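# Chains, contacts and geometry: an overview
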Number of protein chains: 4
Amino acid sequence: MYIQSFKKIASKYKTIFFDSFGVLKNASGIIPGTKEILEYLTGINKQIIVLTNDSSRGAKKLSLYYQNQQIDTLPESCFVSSGMMARQFMVNRVKRGIIAYVGTDASAEYLRDAGIVVMNIKEVLSRDHHIEDLAGLVFLDDEGFDWKDTLNDVLNLLRKTSIPVVVANSDHTYPSDEDNLSIAVGSLANMIENISGKKFIRFGKPDVQIFRYAFDLATSRKNIKMGDVLMVGDTLTTDIIGAMKFGIDSVLVLTGNTIPDQAEYLIKTTGISPTYICESIAT
Amino acid sequence: MYIQSFKKIASKYKTIFFDSFGVLKNASGIIPGTKEILEYLTGINKQIIVLTNDSSRGAKKLSLYYQNQQIDTLPESCFVSSGMMARQFMVNRVKRGIIAYVGTDASAEYLRDAGIVVMNIKEVLSRDHHIEDLAGLVFLDDEGFDWKDTLNDVLNLLRKTSIPVVVANSDHTYPSDEDNLSIAVGSLANMIENISGKKFIRFGKPDVQIFRYAFDLATSRKNIKMGDVLMVGDTLTTDIIGAMKFGIDSVLVLTGNTIPDQAEYLIKTTGISPTYICESIAT
Amino acid sequence: MYIQSFKKIASKYKTIFFDSFGVLKNASGIIPGTKEILEYLTGINKQIIVLTNDSSRGAKKLSLYYQNQQIDTLPESCFVSSGMMARQFMVNRVKRGIIAYVGTDASAEYLRDAGIVVMNIKEVLSRDHHIEDLAGLVFLDDEGFDWKDTLNDVLNLLRKTSIPVVVANSDHTYPSDEDNLSIAVGSLANMIENISGKKFIRFGKPDVQIFRYAFDLATSRKNIKMGDVLMVGDTLTTDIIGAMKFGIDSVLVLTGNTIPDQAEYLIKTTGISPTYICESIAT
Amino acid sequence: MYIQSFKKIASKYKTIFFDSFGVLKNASGIIPGTKEILEYLTGINKQIIVLTNDSSRGAKKLSLYYQNQQIDTLPESCFVSSGMMARQFMVNRVKRGIIAYVGTDASAEYLRDAGIVVMNIKEVLSRDHHIEDLAGLVFLDDEGFDWKDTLNDVLNLLRKTSIPVVVANSDHTYPSDEDNLSIAVGSLANMIENISGKKFIRFGKPDVQIFRYAFDLATSRKNIKMGDVLMVGDTLTTDIIGAMKFGIDSVLVLTGNTIPDQAEYLIKTTGISPTYICESIAT
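Computed from a predicted structure; not experimentally measured. (Residues numbered from 1 in each chain as written. Chains lettered and ligands numbered in written order. Predicted model: local features only at pLDDT ≥ 70, side-chain atom pairs only at ≥ 80, totals over all residues. Heavy atoms only, no water.)

Once that is clear, we can look at the confidence of the model for chain A. Looking at chain A as a whole, the pLDDT averages 94, with 99% of positions reaching at least 70. Scored by ipTM, the complex comes to 0.94, with pTM at 0.95. (pLDDT = per-residue confidence, 0-100.)

And the structure:
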């Protein structure tokens, strides 16, 4: 396994797509060296976009997190999230009617800001709403509701109607602290999909759509082509295979999901090969 | 689809295995005619055994339910449950150590009665117990715990240890009332198994083991052979395919999971064929 | 289930994406009325694009089929296939080295025409080629090779190398005549993926990428936006769910995979809802 | 990982169940030391039973292989195979009609010997046989037929009838030589099951039924109980998890599927724990 310097690799590209969790930050906070490398890249005029499977908040809040950590190189406009893909779907598809959401009320804000009529699934079912008013259901966050009550409600709702169901972040888990994982909303959605027999619509990496959206954003701001873009991620099955399929080069960093000991074994057994491997973006 | 009279079919067998939910009772209570047919069968000396995927309580409480409904033909000794299979596994395999359980405290009683040292998963993790004291984990019931907290705890526990995990009822759902389903503990276990990559050990129909256990019980009391036994169930994928594989005849009744409109379609698309089809056991 | 006239619906859109099999043709040949409706639509200046999961030949041959049936409204330039998506991936990603293919030699022609160095998997393995010369493997067609020999060879090759594997058509079956299906190369790829543990890269509907490619093609020729495009297909799980996710309207026709008797049931159980339902495009 | 001497462990049990492939033999022939340890165990009066997922021949031929290698301690009567389980199912369930088989003609011999009317699937379909004469279909072997022709025939046959389908060996692969695997009939059956939507009936480890059959055989010959039996196997997901669930102790040997380097990792990630680990049965 040939480990290279990220700084050196990055210099060969014009635009860099960064995954967030496991690359820029982890459960303990910002990964050391992140502030410096982002400032270096911005200084030499590289375009930076963050591609994240996150549907618990919009770009503004995603950016705010970094600003609060004294990182000023990641303004709101450089974030592309799976939640934004899901939002785009709803704006396009849903002309009228209510979108029920599973998640915190805060997680629905960026949908509401886009003019979508959203309502907590609990409220939909408890009030005098008719199921016919519903235009869709979206899984946004694993927090903000009682799992047992709400998931049972969702299951029974889906048995009685045929509305489209959107999974705005298809990740199965996320790190809750250095030693522990939390079950993500993507896993809850999988369970309901398996039980109900319905087909859900998923957004986020490894789906090519989010890469395309980010690429279109990048080209609207800078004159680049596919060969000028580099994806940096910590997960073979989302970041790296997505970049492969979309057709851009990729770096696997070993600061997140893929630990140094297993990287070679996992690349060999899955056949998902990053273009480069780096210890971290600080190297 | 040729519908026959259950009474007529049953007369040809010496021992009858009944599924419980969807055959003898449903979410509204005892299915009309159950008391009478059971008394009739007992009267003409048929042996009755109830084979149920239930791990939320032991045989005594399963029997009590029917006694409270004025049905006296189903004593404790005629119940065979998936929970009893799981209990047998734990008694055989676990010589020492604590079995953590996911479920109500009441659901663990019949394990404790068998001499197994059980402890609520919450208590195991909150106290000063060392993970090394754990000899296994068992999913018993979907009630009695906060799903979010406990399922996340279970996931993280399994990432740190290699104890066997037992699913004492592999059903995905159960009817909570006439119009609604509840997510069963089997679905929660499936979700954790998928996320963790572990292999869980499942008990209950369609596994042949529970049929074998019931058959051994039946032969210990009455001189019968395989051809003398009839399985009566409402679910193709548990009751009927299990009976087929075990090698006994079966009746599909249309009072539960398999509704009359879909029975023919489901038999055709799955290829799971009951020996007979009856509207209900009261016919 | 509300059945509408296709002619009337089509008049509301500027560009129409047609699936091929089950919509324009079936195992018996061209579906009656196809020639007339295509001429009508062309006459009133609608833009027509055919979106097909086919990797057994390139656009030229796809077009030729229709020309041989006296249909002159479908020139080579209006075909977009899953094979073309896979080809684009290989051109982008594979700078040097040989791409081994599974399929007929004819099925590899349109890859060779694009400058890709392709070689029959059998030849790769039989000659003195070193595995290191391989840059990838692509599943193109279910014909042109002995399944047993070749699939075993592919399995063992993948165990010894980590090249990317492309499935250029992810369909599971295709109709071989009016009463029978043939196992498609997508099913063979699934079997090898399951056994080998590798992650393959799939192209074609329902993936949004092919819709996007077709949309980009359409906008390069005509001034349209998303709302001007209609997808017409016979399969809920590819044509219709793909169109939903991409964000365009869709028509389900009942001349192919989804037979009239089951359409309503399937829409209800899967939750995949076309915008309209028509008996055929000839209505 | 604590490695122990097999000879020492075996001395504590009265009956020993051996897996065949990867334990007694491999693709190169008999594993060194097998003859000696079997003679030693027989000499000190241990009961030996071979439990193998094999449906390509009956017990007589399984035994003959060892006799031809000068191993006289494994008579026909000590073999229990998944094929024998499938045969028992067919004898029990199928009162009349023809069982179509997928495999070599030789692989069907032991079914024919048991009085089952078997016919090569090819012959069934080519002659003037009516589908109504068919009572079932069994997958026996990956050899003896053209995969493409026959698997397509099987798929279309299953779409037109609802006969039970039996998979007499559910293994996915078997070693064809020291470096290569062959796709087993279990994988072909999986592919057809996935495409057709039917539910197949599988026999063999890890299913508890074959362990029970072997245990009943053992107790009919020797006065033993569960605690006296040891299962020896090379595969966690069949031999070891099956023994765990059945309730007997197990030894994982490292001469087959589970290579020394990965044993610890696999036990940790799957949670399937053998009672003991030995390098080989010759230790």
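What follows concerns the relation of the copies chain D and chain C. With an RMSD of 0.0 Å, the operation that places chain D on chain C is a rotation of 180 degrees combined with a shift of 0.0 Å along the axis. Taken together, the rotation angle and the small translation identify this as a two-fold axis. In this assembly the copies share their binding face: 100% of the residues contributing to the interface of chain D also contribute to that of chain C. (Least-squares fit on C-alpha atoms with pLDDT ≥ 70 in both. Contact = heavy atoms within 4.5 Å.)

Residues and elements named next belong to chain D. One open sheet accounts for seven strands, arranged β1-β16-β15-β14-β2-β5-β6; its pairing is parallel. Both outer strands of the open sheet, β1 (3-4) and β6 (79-81), are each paired with one neighbouring strand and no more. In this structure, strand β14 (residues 229-233) lies alongside strand β15 (residues 249-253), joined through four bridges in parallel fashion. From the neighbouring strand, Leu-230 faces β15, where its bridge partner is Asp-249. (Pairing = 2+ DSSP bridges. Helix = DSSP H or I, 4+ residues; strand = E, 2+ residues; numbered from the N terminus.)

For the rest of this paragraph, the subject is the pairing of strand β13 (residues 229-233) of chain A. Residue and element names in this part refer to chain A. Here β13 lies mainly inside the structure; five of its five residues are buried. With burial as the criterion, each face of β13 is covered, one bearing Val-229, Met-231 and Gly-233 and the other bearing Leu-230 and Val-232. Sheet analysis places strand β1 (residues 15-18) next to β13, joined by four bridges and oriented parallel. The residue of β13 that forms the bridge with Phe-17 is Met-231. (Buried < 20%, exposed > 50% of the residue type's maximum accessible area, 1.4 Å probe, protein only.)

In this structure, Lys-198 of chain A sits in the loop between α8 (185-196) and β12 (201-202). Within the buried set, Lys-198 of chain A has no salt-bridge partner at all; the shortest N-O distance to an opposite charge, 11 Å, is to Glu-193 of chain A. Here the side chain of Lys-198 of chain A touches Leu-158 of chain A through a polar contact of 3.0 Å, landing on its backbone oxygen. Reaching out from Lys-198 of chain A, the side chain makes a polar contact with the backbone oxygen of Lys-268 of chain C at a distance of 2.8 Å. (Lys, Arg positive; Asp, Glu negative; His and termini not counted. Salt bridge = Lys/Arg side-chain N within 4 Å of Asp/Glu carboxyl O. Polar contact = N/O pair within 3.5 Å; in protein donor to acceptor, adjacent residues only side chain to side chain.)

A separate point is the interface of chain D and chain C. Across the boundary between the two partners, chain D contributes 23 residues, which contact 23 residues of chain C. Summing both sides of the interface, chain D and chain C together bury roughly 1900 Å²; the carbon and sulfur share of this comes to 61%. Where chain D packs against chain C, one counts four salt bridges. Residue Lys-148 of chain D is joined to Asp-142 of chain C by a salt bridge in which the shortest nitrogen-to-oxygen separation is 3.7 Å. The interface formed by chain D and chain C includes eight residue pairs in polar contact (both at pLDDT 80 or more). When residues of the side of chain D that touches chain C are traced back to their parent elements, those giving at least two are α7 (147-160), β12 (180-183) and α8 (185-196) of chain D. (Buried area = accessible area lost by both parts, 1.4 Å probe.)

Our next topic: the nonpolar core. Among the nonpolar cores identified, the biggest contains 56 residues, and Leu-137 and Phe-139 of chain A together with Leu-137 and Phe-139 of chain B are the most heavily contacted of them. Counting 55 residues, the second-largest nonpolar core is a separate cluster that includes Ile-98 and Ala-189 of chain C together with Val-165 and Leu-181 of chain D. (Core = buried A, V, L, I, M, F, W, Y, C linked by side-chain atoms within 4.5 Å.)

Okay, the sheet that holds strand β9 (residues 165-167) of chain C next. Residues and elements named next belong to chain C. On the basis of which strands lie adjacent, the open sheet formed by five strands has the order β7-β6-β8-β9-β12 and parallel pairing. Each edge of the open sheet is held by one strand with a lone partner, namely β7 (118-120) and β12 (201-202). Lying on the sheet, helix α7 (residues 147-160) is in contact with β6 (98-102), β8 (134-139) and β9; it crosses β8 at an angle near 140 degrees. (Axes fitted to C-alpha atoms, helices over the stretch in contact; angles between N-to-C directions.)

Another point: the domain arrangement of chain A. Accessible area lost on assembly of the parts is the figure often given for the size of an interface. Residue and element names in this part refer to chain A. Under the domain assignment used here, chain A contains domain 1 (6-53 + 206-278) and domain 2 (84-202). Placing the centre of domain 1 and that of domain 2 at their C-alpha centroids yields a distance of 28 Å. The interface of domain 1 with domain 2 comprises eight residues on the first partner and nine residues on the second. In terms of surface lost to domain 2, no three residues of domain 1 exceed Ala-27, Asn-53 and Tyr-213, which account for 55% of the buried area on that side. Linking domain 1 to domain 2 there are zero salt bridges. The interface formed by domain 1 and domain 2 holds three residue pairs in polar contact (both at pLDDT 80 or more) in total. The leading source of residues in the side of domain 1 that touches domain 2 is helix α9 (residues 208-221), at three residues. The residue makeup of the side of domain 1 that touches domain 2, split by class, is four nonpolar, four polar and no charged. (Domains from an automatic or database assignment. Nonpolar A, V, L, I, M, F, W, Y, C, P; charged D, E, K, R; others polar.)

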